[in-house]
Amino acid sequence: MGLLIEGRWTDQWYDTKSTGGRFVRQESAFRGKVTADGSSGFKAEPDRYHLYVSYACPWAHRTLIVRALKKLEDVISVDVVDPFMGAQGWTFDDIRTGIRSPGATGDRVNGKAALHEVYTLAKPDYTGRVTVPVLWDKQTRAIVNNESAEIIRMLNSEFDEWAERSVDLSPADLLPQIDAINAEVYDRVNNGVYKAGFATDQAVYEEAVTGLFEMLDRLEAHLSAHRWLVGDQLTEADIRLFTTLLRFDPVYHGHFKCNLRALREYPALWGFTREIAQLPGVAATIEMTHIKRHYYESHRTINPTGIVPKGPVLDLTAPHGREQLPEMR
């Protein structure tokens, strides 16, 4: 893991010494917006925009799921980085071998070897972390946005001329509730697992793990009585929670020491995870080999040997039994 400093790549892990052992996530730097009418400077058009993603990354996974649910596969193209993240950060081939891992695509738009080269193509003096997802404009050769929360809202609403309009993951009347639950889930679950896993102080770790499981307990109680997090339909809030839950037992439980309980010990959360995994198009976005290889092979400060565990065995296709749950109105 590294970062760019005025356009020059530096292999540098997160600094937790200056933060008292706390992992602090950097804000996304590119915050442009694609709009249906083009008023933003980036007009929604088919085959103009391109996503750079990692199958391993929960933030990038959100964009793949929304793209699939909205049936935008033929409208917005995708390239996938290699699961191993080494001294050059995200790369399109495994830099240890020079061989492309199954499922990685190479950079078919700009022909770059590393994602940080795409960043400097857009902004030669860029300073900051190089993250996925990236929404790239093939017409102006610019990065539009690298904030997943904003990208999924663009995919949900701005491409409806070509998308599945019956799917609306961010309905206007539910946005206040969606934003509220998103904020809590982000802080204590989505980012909470990282705050625990990357902590370098015992008290900081315990604080993060405690907050994480308090929130999981609350979510379990809610999802035991309601099918979805907000309203009477699937929303982006469900997708944002799902990508963390999917990775919980295979990665966060052991690798990030989030082991008070396994996800499978939460009947409602585990059923919720299976239900979303079984939605049309979602299974094709799940690459568990990339997920496990990325975390266990890349984070050598946490897993020095790079050994990838064989388990756990998870059956995402098992009946979830959530069809009869009442929706929250």
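For the structure, check the block above.
Since we're looking at a predicted model, the values are computed, not measured.

The next subject is the pairing of strand 6 (residues 77-80). Summarising the sheet, strand 5 (residues 49-53) and strand 6 pair through four bridges and their orientation is parallel. Paired with V53 across the two strands is V80, which belongs to strand 6. With helix 1 (residues 58-69) bridging strand 5 and its parallel neighbour strand 6, the resulting β-α-β unit is right-handed.

Looking now at the sheet that holds strand 2 (residues 8-10). Spatially, the three strands line up as an open sheet ordered 2-1-7, and their pairing is antiparallel. Two strands close off the open sheet at either side, each with one partner strand: strand 2 and strand 7 (128-129).

This part is about unusual backbone geometry. A cis amide bond links V132 to the next residue, P133, at an omega of 5 degrees. One can find P133 in the loop between strand 7 and strand 8 (134-137). Cis geometry marks the peptide bond from G311 to P312; its omega dihedral reads -5 degrees. Its place among the elements puts P312 in the segment after helix 9 (288-298). Even without being a glycine, E6 presents a positive backbone phi close to 50 degrees. Considering the arrangement of structural elements, one finds E6 in the loop between strand 1 (3-5) and strand 2. Positive phi outside glycine occurs at D47, with the angle close to 60 degrees. With respect to the helices and strands, the residue D47 is situated in the loop between strand 4 (42-43) and strand 5. Among the residues examined, D47 registers a relative accessible area of 53% and is labelled exposed.

Before going further, it helps to examine the environment of Q202. Structurally, Q202 can be placed in helix 6 (residues 202-225). With 121 residues separating them in the primary sequence, Q202 and V81 have C-alpha atoms 33 Å apart.

Here the focus is the sheet that holds strand 5. The strand order 6-5-8-9 describes an open sheet built from four strands, whose pairing is mixed. What marks the edges here is a single partner per strand, and that holds for strand 6 and strand 9 (142-145). Strand-to-strand, the axes of this sheet are offset by a mean angle of 35 degrees, without reference to chain direction. Direction of pairing for strand 8 relative to strand 9: antiparallel, over a ladder of three bridges.

How each quantity is defined
As a convention, each chain's residues are numbered from 1 in the sequence order in which they are written. With pLDDT at 70 or above as the cut-off, local features in this predicted model cover only qualifying residues; side-chain atom pairs require 80 or more to be listed or tallied, and sums for whole chains, interfaces and linings still use all residues. Side-chain metrics rest on all non-hydrogen atoms present in the structure, leaving aside hydrogens and water. Pairing between two strands is assigned when DSSP locates at least 2 bridges connecting them. Here a helix means four or more residues in a row that DSSP labels H or I, a strand means two or more in a row labelled E, and each is numbered from the N terminus. With the strands pointing away from the viewer, any crossover whose connection runs clockwise from the first strand over the helix to the second is right-handed. Throughout this description, buried means an accessible area under 20% of the type-specific maximum (1.4 Å probe, protein chains only), exposed means over 50%, and partly exposed covers the range between. Axes, fitted as lines to C-alpha atoms, cover a helix only where it is in contact. Angles between the N-to-C directions of the axes lie from 0 to 180 degrees.

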